[in-house]
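# Chain and residue survey
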Amino acid sequence: MIRAINDTLRRIPVWAVWLAGALPFAVLLWDIVTGGLGVDPVQEVEHRLGRTALYFLVGGLAVTPLLRLTGVSLMRFRRAIGVICFAYALPHVLAWVVLDMGLLWGQMGRDILKRPYLLFGMGAFLILLALAVTSNNLALRRMGGQAWRRLHMVVYGGAILAAMHWLWAIKVNEVAPILWAAIIGVLLASRLVIRRPMPWTRPQRS
């Protein structure tokens, strides 16, 4: 069963993941054009971009636990998922810088220092930026496999900061950020606890 699933996944081209990753942005553009963003369109743009980035971040984090627990491999899609995550995180930050703050750099700096959720968000973004810049074969060759893997392990720190950014930013009791923070916590715990594939996921020798 697992082998059949993995065979099917291997036949899915990576470009299909990129296409699926572009769908939320296409929907956002449609809502911008048709006026479907509500009474505060700037905030809605910021929030939707940020949430989508977090969803793809969690998706990337889930790849290894899924493989170790079930044997289902999405490893060939993990780089695309990570870059798509950054592709939403970047306009999320730019929307705040340009649309919300109007390029008032001094005010932005004061706000980041004064409001913890902005500090967490900027920390998460800098981590994602470092990972995006090195998510290519050239960076892997220049850094070496061990150093590259150590760097990309900080994605968990980025995920924690992103979850704290959302949790700290909410003004009312919202279930969604708490749920996603819990999911990130479970994925991090699984990475620490489940270090090897489960016996039933290992290929059988003939």
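So, here is what we can say about the structure in this document. Note on numbering: residues in each chain are counted from 1, in written sequence order. Local features in this predicted model are restricted to residues whose pLDDT is 70 or higher, and side-chain atom pairs enter the listing and the counts only when it is 80 or higher, whereas totals over whole chains, interfaces and linings include all residues. Only hydrogens and water are removed before side-chain values are computed, so all heavy atoms of the structure are retained for them.

A word on unusual backbone geometry. Positive phi is not limited to glycine here, since leucine 103 has a value of about 60°. For leucine 103, the position within the fold is in the loop between helix H4 (75–100) and helix H5 (105–114). Buried means the residue's accessible area, taken with a 1.4 Å probe over protein chains only, is under 20% of the maximum for its type, while exposed means over 50%, and partly exposed covers the values in between. Taking relative accessible area as the criterion, leucine 103 reaches 43% and is therefore assigned partly exposed. Numbering of helices and strands starts at the N terminus; helices are DSSP runs of H or I of at least 4 residues and strands are runs of E of at least 2.

Only buried residues count toward a nonpolar core. Its members are Ala, Val, Leu, Ile, Met, Phe, Trp, Tyr and Cys residues joined through side-chain atoms within 4.5 Å. In terms of nonpolar packing, the biggest core is built from 44 residues, with Leu54, Leu57 and Trp96 touching the most fellow members. Those elements that provide at least two residues to this core are helix H2 (14–34), helix H3 (41–70), H4, H5, helix H6 (116–133), helix H9 (155–169) and helix H10 (175–193). The dominant element in this core, judged by the number of residues it contributes, is H4, at twelve residues. Note on definitions: a residue-residue contact is assigned when non-hydrogen atoms from the two residues lie within 4.5 Å. What leucine 54 contacts, discounting residues up to four positions off in sequence, is Ala162, Trp166, Trp180 and Ile184.

With that out of the way, let us pick up a nonpolar patch on the surface. A surface patch of nonpolar side chains, amounting to about 590 Å² of accessible area, comprises Leu90, Leu94, Val98, Leu99, Leu103 and Trp105. It is H4 that contributes the most residues to the nonpolar patch, four residues altogether. Mapped onto the elements, tryptophan 105 comes out in helix H5. To count toward a patch, a residue needs a relative accessible area above 30% and no salt bridge. Like charges then connect within 9 Å, nonpolar side chains (Val, Leu, Ile, Met, Phe, Trp, Tyr) within 5 Å. To measure how exposed things are, a 1.4 Å probe is used in the Shrake-Rupley method; for residues, cover is taken only from the protein chains shown. Salt bridges are defined as contacts in which a side-chain nitrogen from Lys or Arg sits within 4 Å of a carboxyl oxygen from Asp or Glu.

Honestly, it's all geometry; don't read function into it.
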